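The chain contents come next:
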Amino acid sequence: PMLRQYLKIKEEYPDCILFYRMGDFYEMFFEDAQIASPVLGIALTTRDKNKENPVPMCGLPYHAADTYLEKLLSNGFKVAICEQVEDPSKAVGIVKREVVRVVTPGLMNDISSIEANENNYIAAFVYDDGRWGASFLDFSTGEFRTTELDDITEVIDEVSKHSPREVVMPESLESSTSSELLRIALSDILISYIDSGVFSAESASKTIAKTYDLASIEGLGIGDAPLSLSATGGLLRYVTDYQKGDATHLSFPRIYIPSEFMLVDEITKRNLELMKTLYEGTKSGSLLSLLDNTVTSMGGRLLRGWINYPLTDVNEIQIRLNAVEGFYNVRGESLNITELLSQILDLERIVGKVSLKSAGARDLVALSTSLKLIPTLNKLLDKFDIMAIDTIREGFADFTELCKKIDLTLVQSPPHSLREGGFIMDGVDEDLDELRGISREGKDWILKIEEREKKRSGIPKLKVRFNRVFGYYIEVSKIHADKVPDDYIRKQTLVSAERYITPELKEYEAKVLGADERINALEYDIFVDLREYVRGWIKDIKKTAISIAKVDVFTNFALRAMDLNFVKPEVDESLITDIKDGRHPMVEKALPKGTFVANDIFINANKQQLLIITGPNMAGKSTIIRQVAIIVLMAQIGSFVPASSARIGVVDRVFTRVGASDSIVRGQSTFMVEMVETANILNNATGRSLVILDEIGRGTSTFDGLSIAWAVAEYIHDTSTLKPRTLFATHYHELTELAIVKERVKNYYISAKEWNGRMIFSRTIKEGVSSRSYGINVARLAGLPSGVIERAKKILENIERGEFTARGIPAIIAGDDIEGGGDSQMDLFSGAAKELLIEVANLDTQAMTPLDALNKLDDIVGMLKKIKN
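Residues numbered from 1 in each chain as written. Predicted model: local features only at pLDDT ≥ 70, side-chain atom pairs only at ≥ 80, totals over all residues. Heavy atoms only, no water.

1. Considerations on the overall build of the protein
Link 1 in the chain: Helix and strand content of the protein: 30 helices and 26 strands.
Link 2 in the chain: Here the C-alpha atoms of the protein give a radius of gyration of 37 Å, more than 25% beyond the 29 Å that 2.2 N^0.38 yields for 869 residues.
Link 3 in the chain: Reported as C-alpha extents along the three principal axes, the dimensions of the protein are approximately 140 × 70 × 60 Å.
Link 4 in the chain: When burial is assessed residue by residue, the protein has 49% of its 869 residues classed as buried.
Link 5 in the chain: Across the protein, every contact between residues at least 6 apart in sequence was considered, and the portion connecting residues at least 24 apart equals 68%.
Link 6 in the chain: Here the protein has roughly 42100 Å² of accessible surface; of this, 51% comes from carbon and sulfur atoms.
Link 7 in the chain: The centroid of the 104 positive side-chain charges in the protein is displaced by 5 Å from the centroid of its 126 negative side-chain charges. (Helix = DSSP H or I, 4+ residues; strand = E, 2+ residues; numbered from the N terminus. Rg over C-alpha atoms; globule rule 2.2 N^0.38 Å. Buried < 20%, exposed > 50% of the residue type's maximum accessible area, 1.4 Å probe, protein only. Contact = heavy atoms within 4.5 Å. Areas by Shrake-Rupley, 256 points an atom, 1.4 Å probe, with all protein chains shown as cover. Lys, Arg positive; Asp, Glu negative; His and termini not counted. Charge placed at Lys NZ, Arg CZ, Asp CG, Glu CD.)

2. Things to note about the sheet that holds strand 8 (residues 131-138)
Link 1 in the chain: Reading across from one edge, 11-10-7-8-9-12 is the order of the six strands in this open sheet, with mixed pairing throughout. Every other strand in the sheet has two partners, leaving strand 11 (190-194) and strand 12 (254-255) as the edge strands with one partner each.
Link 2 in the chain: Strand direction decides the pairing type here: strand 7 (residues 121-128) and strand 8, joined by eight bridges, are antiparallel. Bridge pairing in strand 8 places Y121 opposite D138.
Link 3 in the chain: Packed onto the sheet, helix 7 (residues 226-242) meets strand 7, strand 8, strand 9 (143-149), strand 10 (166-170) and strand 11 and runs at close to 40 degrees relative to strand 8. (Pairing = 2+ DSSP bridges. Axes fitted to C-alpha atoms, helices over the stretch in contact; angles between N-to-C directions.)

3. Quick word on the pairing of strand 7
Link 1 in the chain: Among the eight residues that make up strand 7, six are buried, leaving the element largely enclosed by the rest of the structure.
Link 2 in the chain: Bridge count for strand 7 against strand 10 is three bridges, and the pairing is parallel. Opposite I122, over in strand 10, you have E166 as the bridge partner.

4. Observations regarding the side chain of N556
Link 1 in the chain: Take N556: it is sitting in helix 20 (residues 538-564).
Link 2 in the chain: The contact partners of N556, leaving out residues within four places of it in the chain, are L291, D292, N293, T294 and L303.

5. Notes on the packing of aromatic side chains
Link 1 in the chain: Within this structure, the stated rule accounts for 22 aromatic pairs.
Link 2 in the chain: Measuring from centroid to centroid gives 6.0 Å for F423 and F527, while their planes differ by 80 degrees, and the two rings are edge-to-face. With a gap of 104 residues between them, F423 in the loop between helix 17 (400-409) and helix 18 (430-457) and F527 in helix 19 (residues 503-535) connect regions that are remote in the sequence. Like F527, F423 is buried.
Link 3 in the chain: Of note, R21 hangs over the ring of Y26, and the distance from its end group to the ring centre comes to 5.6 Å. (Phe/Tyr/Trp six-rings, centres within 6.5 Å; stacked < 30°, edge-to-face > 60°. Lys NZ or Arg CZ within 6 Å of the ring centre and 35° of its normal.)

6. Comments concerning the nonpolar core
Link 1 in the chain: One finds F125 and L410 to be the most contacted residues of the largest nonpolar core, which totals 128 residues.
Link 2 in the chain: With twelve residues, helix 20 is the single largest residue contributor to this core.
Link 3 in the chain: Within the second largest apolar cluster, 44 residues are counted, among which are M2, V102, L236 and L356. (Core = buried A, V, L, I, M, F, W, Y, C linked by side-chain atoms within 4.5 Å.)

7. Side note on unusual backbone geometry
Trans is the common state for peptide bonds, and a negative phi is the common state for residues other than glycine.
Link 1 in the chain: Even without being a glycine, D213 presents a positive backbone phi close to 55 degrees.
Link 2 in the chain: Considering the arrangement of structural elements, one finds D213 in the loop between helix 6 (201-211) and helix 7.
Link 3 in the chain: Of note in the backbone geometry, N565 takes a positive phi value of approximately 60 degrees without being a glycine.
Link 4 in the chain: Structurally, the position occupied by N565 is in the loop between helix 20 and strand 17 (570-572).

8. Thoughts on the pattern of salt bridges
Note on pairing: side chains with opposite charge can pair once their charged atoms come close.
Link 1 in the chain: Tallying each qualifying case throughout the model produces 43 salt bridges.
Link 2 in the chain: Within the structure, one salt-bridge network assembled from shared partners comprises R452, E453, R456, D487 and E504. (Salt bridge = Lys/Arg side-chain N within 4 Å of Asp/Glu carboxyl O.)

9. Overview of the state of the cysteines
Link 1 in the chain: For the structure on display, the rule yields zero disulfides.
Link 2 in the chain: We note that C16 lacks a disulfide partner, and the nearest cysteine sulfur, in C82, lies 12 Å from it.
Link 3 in the chain: The buried category is assigned to C82, whose relative accessible area is 0%. (Disulfide = S-S within 2.5 Å.)

10. Some details on the sheet that holds strand 18 (residues 576-582)
Strands in a sheet are paired, the pairing made by backbone hydrogen bonds, and the direction either parallel or antiparallel.
Link 1 in the chain: In space, the four strands of this open sheet follow the order 17-21-18-19, with mixed pairing throughout. With partners counted over all chains shown, the strands left at the sheet margins are strand 17 and strand 19 (599-604), one partner each. Each strand axis lies, on average, 10 degrees off the axis of its neighbour in the sheet, ignoring direction.
Link 2 in the chain: Here three bridges tie strand 17 to strand 21 (residues 645-649), and the two strands are oriented parallel to one another. Bridge assignment links D572 to a residue of strand 21, and that residue is G649.
Link 3 in the chain: Across the sheet, helix 22 (residues 621-637) is in contact with strand 17, strand 18, strand 19 and strand 21; its angle to strand 18 comes to roughly 110 degrees.

11. As for the pairing of strand 5 (residues 79-84)
Link 1 in the chain: The buried fraction of strand 5 is high, at five of six residues.
Link 2 in the chain: As paired strands, strand 1 (residues 17-22) and strand 5 are joined by four bridges and run parallel to one another. By the bridge assignment, I17 is partnered in strand 5 with V79.
Link 3 in the chain: In terms of strand pairing, strand 5 meets strand 6 (residues 97-103) through six bridges, oriented antiparallel. When the sheet's bridge partners are listed, I81 is paired in strand 6 with R101.

12. Some details on the confidence of the model for the protein
Link 1 in the chain: Of all residues in the protein, 90% attain a pLDDT of 70 or more, and the chain-wide mean is 87.
Link 2 in the chain: In this model, residues 662-667 is a region of pLDDT below 50 whose contacts with residues beyond four sequence positions or in other chains number eight contacts.
Link 3 in the chain: Low confidence marks residues 817-830, where pLDDT is under 50. Its contacts with residues over four positions away, or in another chain, come to 18 contacts. (pLDDT = per-residue confidence, 0-100.)

13. Digging into helix 12 (residues 331-341)
Link 1 in the chain: For helix 12, every residue scored as buried is listed here: E333, S334, I337, T338, L340 and L341. Buried residues of helix 12, viewed axially, fall in a sector of 160 degrees; they line one side.
Link 2 in the chain: Structurally, helix 12 contributes buried residues whose contacts are with helix 11 (314-328), helix 15 (374-381) and helix 20. (Arc of directions from axis to C-beta.)

14. Considering the packing of helix 11 against helix 22
Link 1 in the chain: Interhelical geometry of helix 11 versus helix 22 gives an angle of 85 degrees and a closest axis separation of 7 Å. Between helix 11 and helix 22, the crossing angle belongs to the class labelled roughly perpendicular. Here I317, R320 and L321 of helix 11 come into contact with helix 22, specifically with A635, Q636 and I637.
Link 2 in the chain: Here the residues of the contact of helix 11 with helix 22 are counted per class, giving four nonpolar, one polar and one charged. (Parallel < 35°, antiparallel > 145°, perpendicular 65-115°, else oblique. Nonpolar A, V, L, I, M, F, W, Y, C, P; charged D, E, K, R; others polar.)

15. Some points on the environment of S135
Link 1 in the chain: Among the structural elements, S135 can be located in strand 8.
Link 2 in the chain: S135 gets classed as buried once you look at its relative accessible area, which sits at 0%.
Link 3 in the chain: For S135 and L227, which are 92 residues apart along the polypeptide, the C-alpha to C-alpha distance reads 9.5 Å.
Link 4 in the chain: Look past the residues within four positions of S135 in its chain and what remains in contact with it is I122, A123, A124, F144, R145, T146, S228, A231, T232 and L235.
Link 5 in the chain: At a separation of 2.9 Å, a polar atom in the side chain of S135 contacts the side chain of T146. (Polar contact = N/O pair within 3.5 Å; in protein donor to acceptor, adjacent residues only side chain to side chain.)

16. Considering helix 15
Link 1 in the chain: Every buried residue of helix 15 is accounted for by I374, L377, L380 and L381. Viewed along the axis of helix 15, the buried residues span an arc of 120 degrees, placing them on a single side of the element. Among the exposed residues of helix 15, those pointing more than 90 degrees away from its buried face are P375 and K379.

17. A few points about the side chain of T656
Link 1 in the chain: With respect to the helices and strands, the residue T656 is situated in strand 22 (residues 654-658).
Link 2 in the chain: A polar contact is formed between the side chain of T656 and the side chain of T268, at a distance of 3.4 Å.
Link 3 in the chain: Here N271 takes part through its side chain, which lies 3.0 Å from a polar atom of the side chain of T656.
Link 4 in the chain: Ignoring any residue separated from it by four or fewer positions in sequence, one finds T656 in contact with I267, T268, N271, L272, E677, I681 and I692.

18. Concerning the environment of Y749
Link 1 in the chain: The topology assignment puts Y749 in strand 25 (residues 745-755).
Link 2 in the chain: Once the C-alpha coordinates of Y749 and L373 are considered, the two residues, 376 residues apart in sequence, prove to be 55 Å apart.
Link 3 in the chain: If we skip the residues at most four places from it in the chain, Y749 touches T614, T764, I765, K766, E767, G768, V769 and S770.

Structure (structure tokens):
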């Protein structure tokens, strides 16, 4: 009968691992057991071993389920939690069981299982007629966002920003060519394909209205965005099908338009190391790591969101900067606020648990402790007369009544489990107090039994003990077996002792255990009522949590600015980027204090639009151009910046084409990836964009690469609808000649010197052109064998002199001896040729008549013929 019940429940959740509750264990059977046992590292055994086809099974203690649950979720599995929903002692036949919730990677709400400063998104995507709808829900906090996108590239960018742990899509997209690139991007993420019908406009509208208990969805503003409506409805249907409780903590889905923020695509996010480093893939060393000293989980998540979505509205940016400035000007008060905020726990996720009826007594005590700090925080903010802070304070509610209710109901340090009792205070309920009196009296009497029986029996080490199987019993060592009174009833024999009961002991046991059982049940009922009361405060708590997060980020920005010597930038509508003494904040942090060399950068889309930057390898070109992009982004999220001053004309998008990489999965070579990224820039940049180009054309032949780089630079400069502010670092020195023919192109270089075979880098950018790249010197620093270095120097000298064989191969490579009269090209820089060049260089062409010029040209030709012969 038990297995029949198991299989019936399993039929309803075929795509889930079923945790089937049996007493103190969750058991798994059949295929679930075979799949789960190696993942969880637990033994696979069988049920009915002696039968011809024993049933595979494995199990785990219910009190340790969270640890095992996280292992399954992190490996991309869904888990259906099946509980006993009636008292086994009162059950007739098999105990009734039901799935109480389904946990998936995107539908976790256990605070301990989720990274505190990160959102845990589940996403949904739909496609129709070339456009996409996308919705992102953090089920643990209730944050809900939705948008419509024009192409798959935008969809993948949004995936990069949200990093969902699970994705829901209609079945029609499972093998559709339109979603092929998205499926590749989601290759490491759990995707659930569900009935396409639930994404229809009619079905989606009904689901949204039902979830939020609305008569109509018109007030949400989502009806005019059909793809957003579809994605949101389908996602909510998936969530509500799996979650049995009312998710009252879910915010209304908020429509956002990516183009209203600075667009930071996946490539730029990676190249600028905004969230993690480029090569190690770790948070440490990233911009987020540098800026994030937030002290609340809510603030940490908000900061991530701001970095992913920098503002483009100058007024909104200024409001943030002014708020940071307010805290920056009073370090002492900012530190006091930070100290207070550090005592506030994750309100958003606590109310999420309250909403789903999974919050325990400890959660509510933590909630009260945190909310009681709000009046003090409000008082500290009284000293700041700043618009953003005034708006923040409007989100604070008065929680006096709520905190009082919690504090008068729950003990200050409640046990972890709600089933153990002991978390409701005395005086809350008369019946509870009476039962506790009965329990205490019975337990006191049982303690007295031990002393009385020791004296009566003459057994000095007689013990009265308790366990869940036998209840209370008397234990006597076997060496005293002859002293056991006649009225003792043997219950169990051990190796060195005997266990007994007496009618009197059992009578008091029934009294004590009966009272304890009723106490636990009554305490649980009181707690459930309290939790329902707290649910009525969820909206106010969520508003307060948002306000706390903003205060946390603002004070964090202010304190980081003080500690790292950042300044308030000027942000305006101009097309100018003017940075004085700019610094790369992550590189500077990694270097010894005071060793980073700051640099000025000035770009004006109307006068000095495209900067061609040359210089040796390792001189710092990449660092300088990236630091400009990072400073611009920092300013537009509302942070102070690493510079002595900065004027930032607001940027709508930052593009980066940096380094060499391939995409084997997509079948793209290094050069193809380079060209795809370059095409994206040329096709999507605007006059308000900032373009960072760190080498173009290096993945193909020299002449092909130079030609492409030249054409790209021309296109950026000449196309009237483009003209973005551009920094172009290159080793193609030929590109510097663009400044001669293009009015808005300026040449800059980073100087370096070679001294005694060693490189000395100034790290300073100057106007002008670099003469060399010093690649061989860098190769020596990298540890190439000395033989290779010396050979490379000779080859370079040969090539620079233009000494080639008849086949066009550098003579030294072909093995020819130049000095011995090998087949070489004429050396134009020695002997008679050198004299000729000097004579030509000294000609005063401005004073020559046309006839004089023709005569002189004829003389030069004659001299060249003599040299050739």
